[in-house]
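Examining the three-dimensional arrangement
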Amino acid sequence: RSIIVRWVGRPEKAIELNEGMIESMGAAFNFNISSNVIVFRAIPLAEVGRIEDAISILKYGFDISSKLGPFWRHASFLNCLGYCYGELHQYQRAWELNLESEKAALKMLEKYPTGLQYAEIAAQAGVNLIENLFDQGKVDAAWNRMKSIEEQAKSIIFDSVRSLWEARMYYLGAQILL
C-alpha cells in the first residue's frame, strides 16, 4: 500500500505505512523482500527531505547486497544513493553512484532482456545523471545525455515503466531549453 500512496504523491503517508518494516523483515531475513522494503522506505524519506535517514537505510541495504551478492535491487540502492547525494549537492559522488547504477542495470537488462525493473533502474539512473549535469551547469552535456536516453528507451522493454521516469526527464529537458 505504501508504494501506491507514494506514487499518488503522498510520501509522508508512505513513510508512516512502512514504519518498522525493515526491522521486521530483517528478523525474518528474507533479503529479496527486505531489499524492496528498504528502497520503498528510503525513496519517500528522500522526497520529504530526510536525506540522511534515506542514505543510512540505503547504505544498510547496499552493504548487505554487496556481502550476499548483488540482488536485483543492488542497482536500485546505487541509484537511490546517487539521487540522495545529488540532493545534498555532492555532485561527484552522485555522478559516480548513478553511473554505476546505470551500468549495472543495463548489464542485468542485457542478461535478462524481459527484466522490466532493470529498464526502470537504467532509465531512472540516466535521468539522475541528466540532473547531475544540469545542476552543475553542464547543459550541453545534459541535453546530449537526454537525447541518448531517448534513443536507448525506444526499446519496447521501456514502455511499461516509461510513466515512472519520462515526465521527469522531459521536465529537465524543458529547464535546459530555458
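Coordinates for the structure precede this section.
Quick summary incoming for the structure in this document. What you are looking at is a predicted structure, and each value in this text was computed from that prediction instead of being measured.

Our next topic: the overall build of the protein. Looking only at helices and strands, the protein has 10 helices and 0 strands in total. N-terminal to C-terminal, the α/β element order of the protein is α-α-α-α-α-α-α-α-α-α. In the protein, buried positions account for 43% of the 178 residues. The contacts in the protein between residues at least 6 apart in sequence include a share of 56% that link residues at least 24 apart.

The next thing to look at is the packing of helix H9 (residues 139-152) against helix H10 (residues 166-177). Two numbers describe how H9 lies on H10: the axes approach to 10 Å, and their chain directions differ by 145°. Note that H9 runs across H10; the crossing there is left-handed. Contacts from Val139, Ala142, Trp143, Met146, Ile149 and Glu150 of H9 reach H10 at Met169, Tyr170, Gly173, Ile176 and Leu177. Considered class by class, the residues forming the contact of H9 with H10 number 9 nonpolar, 1 polar and 1 charged.

A ring pair, where both rings are aromatic, is described by two values, the distance of the centres and the angle of the planes. Taken as a whole, this structure holds 2 aromatic pairs when the rule is applied. When the centroid spacing of 6.3 Å and the interplanar angle of 80° are considered together, the rings of Phe158 and Trp165 count as edge-to-face. Of the residues examined, Phe158 reaches a relative accessible area of 3% and is grouped as buried. Accessibility expressed as a relative area gives 1% for Trp165, which makes it buried.

Any two side chains of opposite charge can pair, on the condition that their charged atoms come close. One pass over the structure, following the stated rule, counts 8 salt bridges. Asp159 is the partner of Arg162 in a salt bridge, and the nearest nitrogen-oxygen pair spans 2.7 Å. The exposure class assigned to Arg162 is buried, which follows from its relative accessible area of 17%. Salt bridges sharing common partners tie together Asp159, Arg162 and Glu166.

Now for unusual backbone geometry. One non-glycine residue with positive phi stands out, namely His89, at about 65°. Looking at the secondary structure, you find His89 in the loop between helix H6 (74-87) and helix H7 (91-111).

Core analysis: the biggest nonpolar cluster contains 20 residues, and Ala54, Ile55, Leu58, Phe77, Leu81, Cys84 and Tyr85 have the highest contact counts within it. At the level of secondary structure, the elements contributing two or more residues to this core comprise helix H4 (31-47), helix H5 (51-68), H6 and H7. When near neighbours in sequence (up to four residues on either side) are disregarded, Ile55 contacts Leu81, Cys84, Tyr85 and Leu88. Counting 18 residues, the second largest nonpolar core, distinct from the first, contains Leu109, Ala119, Ile157 and Val161.

Here the largest pocket is characterised by a volume of approximately 760 Å³. Looking at the largest pocket, it is lined by 30 residues, and the ones nearest its centre are Arg6, Ile43, Glu120, Gln124 and Leu164. Mapped by element, the contributors of at least two residues to the lining of the largest pocket are helix H1 (2-7), H4, H6, helix H8 (116-135) and H10. Of the residues belonging to the lining of the largest pocket, the class tally is 18 nonpolar, 7 polar and 5 charged.

Bringing H10 into the picture now. The end-to-end C-alpha distance of H10 is 17 Å, a good match for the 16 Å that 12 residues give at a rise of 1.5 Å each. Here H10 has its buried residues at Met169, Leu172, Gly173 and Ile176. The buried side chains of H10 occupy one side of the element, clustering within an arc of 105° when seen end-on. Residues Ala167 and Tyr171 are exposed on H10 and point more than 90 degrees away from its buried face. On its buried face, H10 sits against H8 and H9.

Rules behind the numbers
Residues numbered from 1 in each chain as written. Predicted model: local features only at pLDDT ≥ 70, side-chain atom pairs only at ≥ 80, totals over all residues. Heavy atoms only, no water. Helix = DSSP H or I, 4+ residues; strand = E, 2+ residues; numbered from the N terminus. Buried < 20%, exposed > 50% of the residue type's maximum accessible area, 1.4 Å probe, protein only. Contact = heavy atoms within 4.5 Å. Axes fitted to C-alpha atoms, helices over the stretch in contact; angles between N-to-C directions. Left-handed = near helix turned anticlockwise from the far one by under 90°. Nonpolar A, V, L, I, M, F, W, Y, C, P; charged D, E, K, R; others polar. Phe/Tyr/Trp six-rings, centres within 6.5 Å; stacked < 30°, edge-to-face > 60°. Salt bridge = Lys/Arg side-chain N within 4 Å of Asp/Glu carboxyl O. Core = buried A, V, L, I, M, F, W, Y, C linked by side-chain atoms within 4.5 Å. 1 Å grid on protein atoms, 1.4 Å probe; cavity = no way out; pocket = protein on both sides within 12 Å on 5 of 7 lines; lining within 4 Å. Points joined across faces, edges and corners; volume = space filled by probe spheres on them. Expected span 1.5 Å × (residues − 1). Arc of directions from axis to C-beta.

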